[in-house]
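Given next are the chains, with one letter for each unit.
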Amino acid sequence: DELVDKFMTNKDKSNRDKIGNEGKKLLVNYSTNEDEEKSGKYYMKVMAKINKDGDEYVNKEIKRLDNLLNGETYIADEKKPWFRKRLNILSVFKEKLPDDDKK
């Protein structure tokens, strides 16, 4: 969460790239735990998408995943926990958005 805070408060793309690279280096610490490594990789993916598409990516992705989980689209039960985990990770990023962007 500390890395997310650093990433979200820094709006410069090149600095955000550097912070993302810091995160990639930290992934080595989670290579022995498959679930933690998967989550860490998702954090890195979200950072890359935010850097590419802007902060609004967070809300768009939350809405998309929420619609998939709660909509009419079929998702296998074994995939639902990972979708919920992704929503939890996105909520960490959302907390760091300026109040105007949290909607």
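Remember, it's a predicted structure, so these values are computed and weren't measured experimentally. (Residues numbered from 1 in each chain as written. Predicted model: local features only at pLDDT ≥ 70, side-chain atom pairs only at ≥ 80, totals over all residues. Heavy atoms only, no water.)

Asks: Let's hear about the nonpolar core: which residues, and what values?
Replies: In a soluble, globular protein the nonpolar side chains are often hidden away together inside. Grouped together as the largest cluster of nonpolar side chains are 26 residues, with contacts concentrated most on Ile50 and Phe93. Excluding anything up to four places from it in sequence, Ile50 contacts Phe7, Met8, Arg16, Asp55, Tyr57, Val58 and Phe93. (Core = buried A, V, L, I, M, F, W, Y, C linked by side-chain atoms within 4.5 Å. Buried < 20%, exposed > 50% of the residue type's maximum accessible area, 1.4 Å probe, protein only. Contact = heavy atoms within 4.5 Å.)

Asks: Explain the side chain of Arg16 residue by residue, including any values.
Replies: Mapped onto the elements of the fold, Arg16 is located in helix α2 (residues 13-26). Accessibility expressed as a relative area gives 5% for Arg16, which makes it buried. Reaching out from Arg16, the side chain makes a polar contact with the side chain of Asp55 at a distance of 3.1 Å. Ignoring anything within four residues of it in the chain, the contact list for Arg16 reads Phe7, Met8, Asn10, Lys11, Ile50, Asn51 and Asp55. (Helix = DSSP H or I, 4+ residues; strand = E, 2+ residues; numbered from the N terminus. Polar contact = N/O pair within 3.5 Å; in protein donor to acceptor, adjacent residues only side chain to side chain.)

Asks: Outline the layout of surface pockets, listing residues and values.
Replies: Reported here for the largest pocket is a volume of approximately 300 Å³. Looking at the largest pocket, it is lined by 14 residues, and the ones nearest its centre are Asp1, Leu3, Tyr30, Gly40 and Tyr43. Listing elements by their share of the lining of the largest pocket, those giving two or more residues are α1 (2-9), α2 and α3 (34-53). Of the residues that constitute the lining of the largest pocket, the class distribution is eight nonpolar, three polar and three charged. (1 Å grid on protein atoms, 1.4 Å probe; cavity = no way out; pocket = protein on both sides within 12 Å on 5 of 7 lines; lining within 4 Å. Points joined across faces, edges and corners; volume = space filled by probe spheres on them. Nonpolar A, V, L, I, M, F, W, Y, C, P; charged D, E, K, R; others polar.)

Asks: For the environment of Gly40, give the residues involved together with the corresponding values.
Replies: Among the structural elements, Gly40 can be located in helix α3. As a C-alpha pair, Gly40 and Leu27 span 13 residues in sequence and 6.2 Å in three-dimensional space.

Asks: Residue-level account of the packing of aromatic side chains, with values.
Replies: Applying the stated criterion across every chain, the model contains two aromatic pairs. Judged by centre distance (5.8 Å) and plane angle (75°), the ring pair of Tyr42 and Trp82 falls under edge-to-face. Within this pair, whereas Tyr42 is found in helix α3, its partner Trp82 is found in helix α5 (residues 80-95), the two being separated by 40 residues in sequence. On the basis of relative accessibility, which here comes to 21%, the residue Trp82 falls in the partly exposed class. Relative to Phe93, the ring of Tyr43 lies with its centre 5.9 Å away and its plane at 45°, an arrangement referred to as tilted. Within this pair, whereas Tyr43 is found in helix α3, its partner Phe93 is found in helix α5, the two being separated by 50 residues in sequence. Here the guanidinium or amino end of Lys38 rests over the ring plane of Trp82, the centre of that ring lying 4.5 Å away. Directly above the aromatic system of Phe83 lies the positively charged group of Arg86, at a separation of 5.0 Å from the ring centroid. (Phe/Tyr/Trp six-rings, centres within 6.5 Å; stacked < 30°, edge-to-face > 60°. Lys NZ or Arg CZ within 6 Å of the ring centre and 35° of its normal.)

Asks: Quick one: what's the story with the pattern of salt bridges, residue by residue and with numbers?
Replies: Within this structure, the stated rule accounts for nine salt bridges. With a shortest N-O distance of 2.6 Å, Lys11 and Asp55 are connected by a salt bridge. Of this pair, Lys11 sits in the loop between α1 and α2 while Asp55 sits in the loop between α3 and α4 (56-70); the two residues are 44 residues apart in sequence, bridging distant segments of the chain. The class of Lys11 is partly exposed, set by a relative accessible area of 47%. (Salt bridge = Lys/Arg side-chain N within 4 Å of Asp/Glu carboxyl O.)

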